[in-house]
Amino acid sequence: MQDPFTQAIQDLPAHMQSALLAELNQIAHRYMLAEHAGHTLQATALVNEVYVNMAGKNINVDSKSHFIALAAQNMRRILVDHARAKTSAKRGNRPIMVTLAEAINQADNHNIDLIYLDKLLIQLSNFDQRAAQIFELKLFSSLTNDEIAKVLALSNATVERDLKAAKAWLKHQMQSTFDEDESR
Amino acid sequence: MNAKKWQIIKIIFNQASEKPRDEQAEFVAQKCKEVITNELINENTFDDDLVDVDDARNNIYREVMAMLAAENDQANDVRLTEIVSANAETLSESSVSLQAGDKVEQFTIVSCIGEGGMGRVYSAKRSGEDFDQWVAIKVIHQRYLNHDSVLRFKQERQILASLQHKNIASLIGGGEMNASIPYIILEFVDGIPITDYCQQHQLDVEQRLSLFQQVLSAIDYAHQNLVVHRDIKPSNVLVTATGDVKLLDFGIAKLINPAHQGSTSDLTQEQMRVLTPGNASPEQVLGAQITTRSDVYGLGTLLMHVLTGESIYENTTDARELEDSILNKTPIKPSVVCKRSQHLVTQQRAKKIKGDLDIIVMKALQKSPDRRYSNVAQFAEDIHRYTHCYPILAKPDSLSYKVKKYVQRNTATTLVGSIFLCSLIGFSAVIFRQSGQIEQQRDRAIAQAEVAQQTSDFMLGIFDAADPYKNNGKELSTKQLLNLAIDELQTMETQDQIKVQLLASLALVFNTLEDFKTSEKLVSQASQIVEKITAGDAELSGQTLVIMGRARGQLLFANDDYKAAQNLFRELIDQFKQPAVFKQFSPNQQVLVEAKLMFELATVLSYEGNEKEAVEYSRNAIDLLENSAVIEKDMAAYYVGYAHSLRRIGRLDLSEQNLRKAIALERQKPNLTLDLGYSLNQLASTLIRMGRLEEALVSAQEGLEIRRNIVGNKHVETLASQGIVARVHKYLRQFDNALEIHQERAVAIEEVYGREHSYYAGVVLSIADLYLSKSDLVVSQQYFEEGLRLFLKTTPNHFRLAIPYIGLGRIKYKQGDYQAAITHFKTAIEIMENLDMYNHSFRAEALGFYGNALIQTSQAEQGEKLKEEATQMFMRIYGEQSIQLSAFLLKLEDN
């Protein structure tokens, strides 16, 4: 039995399939290429993860934009879940047979920041869903503004205006966190 | 926040952010006033939050101004993406991890040794009484803990269980931790990636291929067990300290048996496309069907990396560009990659790789699976063929290629070596070249093209027969090959002229093989056809004329009829230079043929003892070649022949100079050559003459080593080299060293040629001479007598016969039996004079000793005269400073 997602992908024409997958790969790459070249491997692992996660869900893919949007959404969810798990893991119980230890975490603050950012995004979506989605795409898929406009079938100007405002608002909301950072 | 309020904020913010910074506050305040009216408040636009218009204006003003401030605070811009990527990074890094000391079954975790595919790999050990058993334990990542991945993980276990091969890391066990996290226990491979191993050990091409063959063997085995590896890359191919290859990570391997296919495999296939590593095949990138030929491609990328030290698309990091490369770009040939390398050792590999290995790698890396090797066994066969110098399968038919391969694999094993085949190929190549060059005479050009075609077909057939893969696995010896050629020729329907040329060129080959009987048969057969042609009023073509002439001349030479051979070559040169004949040859041909004929004449002259003229002809031949653009592959032979004659006439400096030219030429060749060994020996001979004995010894010993390496211990060339080394020892008065070498030679020569052979007689005499030098007269006499007996039996008419008589005479002289000594010396002199060899050193030696003996028998005056004559003669032959002269004078004193 194939899950509906895999089925949906396979029903797409071949060129579409590879375009989709290339897109997904691209997302992770842009994401991870930020600074260290060594990140590429992790990016593929991440994409893999996004993919596997999506493949396990009962989701219909009707378009490329849908797919990418899903990818970004997934990326966000995975990361936030992970960040949550990390901040709470210290108190967690250990399995008896093998010790499941966490890798040394040097990024506690980033975990907390991400969780907060996620909360703010949820807030934003309550009063401006479009801007929240645009920003989610921007942050978790690293698409360019043009691409986001295409994916969401919006004008470039709209995307840019929404992004600008959303970003300013988020930054403003997070200002306190940053300030704390500075003083550390 | 409420949506309507946000809309207002957004609009004002966006407009304000377009304004200059110092106008923003005023603008926002103005806008707030304009937009936020009492009407809006009355409509309860902002819910219950803001019920006062001024409050609302202030509130929104503050919000917008805070956002504008945040926007202008660019330092924090990167922060948001940073938060995301930092989290992504820790997510990738964190996973289920075992720690040192944790137990899995009876194994104790030692450390994490890597991350591969979907899991982490740990080293672990079980302490035993005698030794620790080390294993690798692979545990799935927690984030892969979903149904499909677990299935896949288990599939790897299942696949590994079915594979037992010495080059595949074997499965020891496996199970599930906490009933849900699968793990695999594997043989622990203490090794490093194959590419690192090659680099660390500075392996040469052969050693690299030998490692790669182990990989091939493992993959071939996997394929036979219906498993495709699908991820062949250096990090999955480890080499242990003992040089054993172990293949790892069947993590994404797939069973090709359809019964095992299901959604899991399809998913794996999809994921492969997402991964797109540099070693992915085009079909993997396209998501098309993965077959064993995908592994052939993977092996191609691995071989590329192993040979060049660089991965196939080394500098491509961008995913799209990489996919484009994999799908559309023809990889750069490995030899070219090597040549471009900054490392000298890598550059040096290019020569070896160029040609066959390039072709093999490129064949494996074809974009279309259909054009690759159809299976790994075939790939392996071509590597095997390459390492054993057989023509590779991937190479199209070409005569020169097949000949080259035949020569390569036979230099070391047959007595014949490469010389004769060079003449064969030289012959057909001559025709090939010519066919394209004669433009002014269309008819002849067409005829020549026909000759070329037929010759080429003929030769191809012959060399096909030599390919053991087409001959029930048996390698044909050179002799068998040639006999086959003769048989073919008998039944061949072709033009007379072509047949003559083929017969004569075969005769040339047999001459080189010193099988003069066969050669004579061939030449007489050819002669009959020649008569038929000329009787029919037709003329021999220039080509036929030259080849026939050379075959006949060489035969005369072989029969020691130097005079006749000399005349024939002189006449042949004249005929060749006749305009009607000369113009039948292309400009390059004209040079090559004339040089060859002159050089052959020089050789005959040298044998005749006419070194002066020999020097002239060989120098002319060399000048001709050096002043033209023609490339003579045997150029070194010309220098050596010239140097040989120069040495004979005492032009030692020039001789040394030419030998060094020859040596330099031979050293440029990729492999050691017999000609290099020969040139070094010749250099040793010249250095001996110059009295530079230590240098001579070095050169002679290198020559000996090279020959021994190429043709083995018992080959005539090796034996000859030993002779020279022994000679240097003798001059250095290291008689025991020399004796040891000669005794070793004697055993080998007896084994190869038997006792009844002039060659054996020669070594016997060398031994006799050394015992004489050591003043062991009794033993020396026994050896001289044995040598004499053998010479009389094998070559009774040869001037060498004088040697044992001189030796026996010297023994008798030392024993005080001067009459007996005189008889022996007189016999020696007679032998030389009967052969018209008045100016030979043997005659001089005999004369000198004869003189000594005469002095002892009261004929002092005549004796002194003879001694003086002998000394003068030695000086003429070897020069005043020569070691031969001083050795002779020493012997003369001694007697």
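Residues numbered from 1 in each chain as written. Chains lettered and ligands numbered in written order. Predicted model: local features only at pLDDT ≥ 70, side-chain atom pairs only at ≥ 80, totals over all residues. Heavy atoms only, no water.

1. Examining the confidence of the model for chain A
All names here are of chain A.
No. 1: For chain A, the mean per-residue pLDDT works out to 62, and 40% of the residues sit at or above 70.
No. 2: Confidence, read as mean pLDDT per element, is least for helix H3 (residues 39–55) in chain A (49) and greatest for helix H6 (residues 129–140) (86).
No. 3: Under a pLDDT of 50 for its full length, residues 1–6 has, in the predicted model, 16 contacts with residues more than four places off or in other chains.
No. 4: Counted against residues more than four places away or in other chains, residues 28–44, with its pLDDT under 50, gives 32 contacts. (pLDDT = per-residue confidence, 0-100. Helix = DSSP H or I, 4+ residues; strand = E, 2+ residues; numbered from the N terminus. Contact = heavy atoms within 4.5 Å.)

2. Comments concerning helix H37 (residues 818–834) of chain B
No. 1: Between its first and last C-alpha atoms H37 of chain B spans 24 Å; for 17 residues at 1.5 Å apiece the expected length is 24 Å, and the two agree.
No. 2: Positive phi appears at Asp 836 of chain B, one or two residues downstream of H37 of chain B, with a value of about 65 degrees. (Expected span 1.5 Å × (residues − 1).)

3. Some remarks on the pattern of salt bridges
All names here are of chain B.
No. 1: Inspection of every chain in the model, using the stated rule, returns 32 salt bridges over all chains.
No. 2: Measuring nitrogen to oxygen at the nearest pair gives 2.8 Å for the salt bridge that ties Arg 667 to Glu 702. One end of the pair, Arg 667, is in helix H29 (residues 652–667); the other, Glu 702, is in helix H31 (residues 693–711), with 35 residues separating them in the sequence.
No. 3: The partly exposed category is assigned to Arg 667, whose relative accessible area is 45%. (Salt bridge = Lys/Arg side-chain N within 4 Å of Asp/Glu carboxyl O. Buried < 20%, exposed > 50% of the residue type's maximum accessible area, 1.4 Å probe, protein only.)

4. Here's the deal with the confidence of the model for chain B
Residues and elements named next belong to chain B.
No. 1: Per-chain confidence: chain B averages 80 in pLDDT, with 81% of residues scoring 70 or above.
No. 2: Note that residues 257–275 has pLDDT below 50 and, in this model, 48 contacts with residues that lie over four places away or in other chains.
No. 3: A low-confidence stretch, residues 411–447 stays under pLDDT 50, and its non-local contacts, those more than four residues away or across chains, total 65 contacts.
No. 4: Quick note on the complex model: pTM equals 0.44, ipTM equals 0.71.

5. Things to note about the packing of helix H27 (residues 611–626) of chain B against helix H28 (residues 635–648) of chain B
All names here are of chain B.
No. 1: Remark: H27 packs on H28, axes separated minimally by 9 Å, with the N-to-C direction vectors making an angle of 150 degrees. On the basis of the axis angle, H27 is roughly antiparallel to H28. Handedness of the crossing formed by H27 with H28: left-handed. Two secondary-structure elements touch here, H27 through Glu 611, Ala 614, Val 615, Ser 618, Arg 619, Ala 621, Ile 622, Leu 625 and Glu 626 and H28 through Met 635, Tyr 638, Tyr 639, Tyr 642, Ser 645, Leu 646 and Arg 648.
No. 2: In terms of residue class, the contact of H27 with H28 is made up of ten nonpolar, two polar and four charged. (Axes fitted to C-alpha atoms, helices over the stretch in contact; angles between N-to-C directions. Parallel < 35°, antiparallel > 145°, perpendicular 65-115°, else oblique. Left-handed = near helix turned anticlockwise from the far one by under 90°. Nonpolar A, V, L, I, M, F, W, Y, C, P; charged D, E, K, R; others polar.)

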